[in-house]
Structure formats: C-alpha cells, structure tokens
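Tertiary structure, described
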Amino acid sequence: MSTPSRSALAEAASDAVKTPASATLLKPFEVAGFWAAIALPFLYTPLVLAGPETSAEQTALAALVALHVVALVLGHRHNTN
C-alpha cells in the first residue's frame, strides 16, 4: 500500500509548526482551541435539541458550530502530556 502524498501547503505548514519559535507562539492557540472544542458542544446542544425557532437562534447555532470547527482545527495538535 502506498500512502497518499501530502500537498505542498500541508507540508510547509507542518514544517513551520516544527520550528521552536512558531511552536512556542502557536501553543496558546492550540490549548485554547483544544479546550474550546471540548466546551462548545455544551453550548449548542440545547439549541439543537430544542430546535432553533427564530432566525437569531439559527444564526447563533450556525456561529457556534462554525466556531467549534475552528476550535477543532486549532486544537487538534494539542498534546496534554
């Protein structure tokens, strides 16, 4: 089996994160993204279960889900060890 090749952009981003300076600068964002990804479902689950009735609730739900996706992307490299 062959492994899929990574794009040049993904490779460049991976190389940038491996450097000590960028790793130090990105660490707070990784930690915040990790913990936000854990906490955000507790905020939007009641909206999903109740069913968003107004346009404000629908907008809030969409914004919270989008924020959750951003938090997942930011926090996926966080290592708690």
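Residues numbered from 1 in each chain as written. Predicted model: local features only at pLDDT ≥ 70, side-chain atom pairs only at ≥ 80, totals over all residues. Heavy atoms only, no water.

**Details of the environment of Val70**
- Mapped onto the fold, Val70 is located in helix α3 (residues 55–75).
- The partly exposed category is assigned to Val70, whose relative accessible area is 46%.
- Between the alpha carbons of Val70 and Ala37 there is a distance of 8.4 Å; along the sequence they are 33 residues apart. (Helix = DSSP H or I, 4+ residues; strand = E, 2+ residues; numbered from the N terminus. Buried < 20%, exposed > 50% of the residue type's maximum accessible area, 1.4 Å probe, protein only.)

**Comments concerning the environment of Leu72**
- Tracing the chain through its elements places Leu72 in helix α3.
- Note on Leu72: relative accessible area 44%, which makes it partly exposed.
- As a C-alpha pair, Leu72 and Ala36 span 36 residues in sequence and 8.1 Å in three-dimensional space.

**A look at the confidence of the model for the protein chain**
- Across the protein chain, the average pLDDT comes to 80, with 73% of residues at 70 or higher.
- Model confidence for the protein chain, summarised as mean pLDDT per element, is weakest for helix α1 (residues 8–18) at 59 and strongest for α3 at 92. (pLDDT = per-residue confidence, 0-100.)

**Things to note about the packing of aromatic side chains**
- Inspection of the entire model under this criterion finds one aromatic pair.
- Between the aromatic rings of Phe34 and Trp35, the centroid separation amounts to 5.1 Å while the plane-to-plane angle is 85°, which identifies the pairing as edge-to-face. (Phe/Tyr/Trp six-rings, centres within 6.5 Å; stacked < 30°, edge-to-face > 60°.)

**So, the nonpolar core**
- Counting seven residues, the largest nonpolar core consists of Ala37, Leu40, Tyr44, Leu47, Leu61, Leu64 and Ala71.
- Secondary-structure elements contributing two or more residues to this core are α2 (20–50) and α3.
- With four residues, α2 is the single largest residue contributor to this core. (Core = buried A, V, L, I, M, F, W, Y, C linked by side-chain atoms within 4.5 Å.)

**Some details on α3**
- The terminal C-alpha atoms of α3, which comprises 21 residues, lie 30 Å apart, in line with the 30 Å expected from a rise of 1.5 Å per residue.
- If you check which residues of α3 are buried, you get Leu61, Leu64, His68, Ala71 and Gly75. Axial view of α3: buried residues confined to an arc of 90°, hence all on one face. Counted as exposed and oriented over 90 degrees from the buried face of α3: Ser55, Thr59 and Val73. (Expected span 1.5 Å × (residues − 1). Arc of directions from axis to C-beta.)

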